[in-house]
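# Coordinates in review
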Amino acid sequence: RKEVEQDPGPFNVPEGATVAFNCTYSNSASQSFFWYRQDCRKEPKLLMSVYSSGNEDGRFTAQLNRASQYISLLIRDSKLSDSATYLCVVSPIGGSYIPTFGRGTSLIVHP
Amino acid sequence: GAGVSQSPRYKVAKRGQDVALRCDPISGHVSLFWYQQALGQGPEFLTYFQNEAQLDKSGLPSDRFFAERPEGSVSTLKIQRTQQEDSAVYLCASSLNRGAGANVLTFGAGSRLTVL
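Reading guide: rules and limits
Throughout, residues of each chain are indexed from 1 in the direction in which the sequence is written. Ligands are numbered from 1 and chains lettered from A, in the order in which they are written. In keeping with the predicted nature of the model, local features appear solely for residues at pLDDT of at least 70, side-chain atom pairs appear and are counted solely at 80 or more, and the whole-chain, interface and lining totals rest on all residues. Where side-chain values are given, they derive from all heavy atoms of the structure, hydrogens and water being excluded. We define the nonpolar core as a collection of buried residues of types Ala, Val, Leu, Ile, Met, Phe, Trp, Tyr and Cys that are connected through side-chain atoms lying within 4.5 Å of one another. Exposed residues in this analysis have more than 50% of their type's maximum accessible area, buried residues have under 20%, and partly exposed residues fall in between, with area computed by a 1.4 Å probe over protein chains only. Each helix is a run of DSSP H or I of at least 4 residues and each strand a run of E of at least 2, with the numbering of both proceeding from the N terminus. Every definition here rests on a 1 Å grid over the protein atoms only: cavities are sets of points where a 1.4 Å probe fits but cannot get out, pockets are open sets enclosed by protein on both sides within 12 Å along at least five of seven lines, and lining residues have some atom within 4 Å of a point. Grid points are joined across faces, edges and corners, and a volume is the space filled by probe spheres set on the points. Residue polarity follows a fixed list, in which Ala, Val, Leu, Ile, Met, Phe, Trp, Tyr, Cys and Pro are nonpolar, Asp, Glu, Lys and Arg are charged, and the others, Gly among them, are polar. Two strands pair if DSSP finds at least two bridges between them. Structural elements are reduced to axes, namely lines fitted to C-alpha atoms, with helices fitted over the stretch in contact, and the angle between N-to-C directions of any two is expressed from 0 to 180 degrees.

## A look at the nonpolar core
- Judged by nonpolar contacts, the single largest core of 23 residues is most densely connected at A:Phe21, A:Trp35, A:Ile71, A:Leu73, A:Ile75, A:Tyr86 and A:Leu107.
- For this core, the secondary structure elements donating two or more residues are β3 (19–25), β4 (30–38), β5 (44–50), β7 (60–65), β8 (70–75), β9 (84–92) and β11 (105–110) of chain A.
- Formed by 20 residues, the second largest nonpolar core is a distinct cluster that contains B:Val19, B:Leu32, B:Tyr90 and B:Val115.

Written out as structure tokens, the structure is:
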């Protein structure tokens, strides 16, 4: 079982839709959580951190559920420009603190 | 520099050739990571440096892979006797902090290696 699991999709949604992705992680000692965005043939870029209390940045909301070991990303009012792959990242407590990436969820927003 | 710089952006190698990929991190960034990303997959960890010290190389797939960061800034990932399965994008990322704080990563554009 991979440490960080994501549904690869693609999620195909119309403009204006609300879409949500989940990511599960296996290491209960994980400490830090992030969502990165990766456009086709580009490098990953930080989208937002995920805090225990949940956090919101404009149309994007991230939440953490430690009990069930998953994080989520909600995108409201989807734009064509939101089309990308969304990577879930988890960093453990202790050890060498290596950020571990999921395989990503592909989102396609169509007119 | 303003960002993480990687070179070459594209490399085509014949099977059995050696390749060297360079990463120039953001100035002052303590932590440096190498990841390998195959098509349709997420980045897979290769190795981690804190300054010049290689603290974790558990992700290197074989002894044909070697990485160094001798002066704590520029890093080189070397792949000896390349195989077709080495074809991937090699991503370098740096972070200002160390340890548990080294989790917000800035990536370079990657080096796309194709082994024929």
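After that view of the structure, there is still more to cover.
## Describing empty space enclosed by the protein
Residues and elements named next belong to chain A.
- In the structure shown here, the tally under the stated rule is one cavity of 30 Å³ or more.
- In this structure, the largest cavity occupies an estimated 40 Å³ of space.
- As for the largest cavity, its lining consists of Glu-3, Val-4, Tyr-25, Ser-26, Asn-27, Ser-30, Val-90, Ser-91, Pro-92 and Thr-100.
- Tallying contributions element by element places β9 first for the lining of the largest cavity, with three residues.
- Taken together, the residues of the lining of the largest cavity break down into four nonpolar, five polar and one charged.

## Focus on the sheet that holds strand β7 (residues 65–68) of chain B
Residue and element names in this part refer to chain B.
- Read from one edge of the open sheet, four strands run β1-β3-β8-β7, paired in antiparallel fashion. With one partner strand each, in any of the chains shown, β1 (5–7) and β7 form the two edges of the open sheet. Taking the axes of each pair of neighbouring strands and ignoring which way they run, one obtains an average angle of 15 degrees across the sheet.
- Summarising the sheet, β1 and strand β3 (residues 19–24) pair through three bridges and their orientation is antiparallel. Paired with Gln-6 across the two strands is Cys-23, which belongs to β3.

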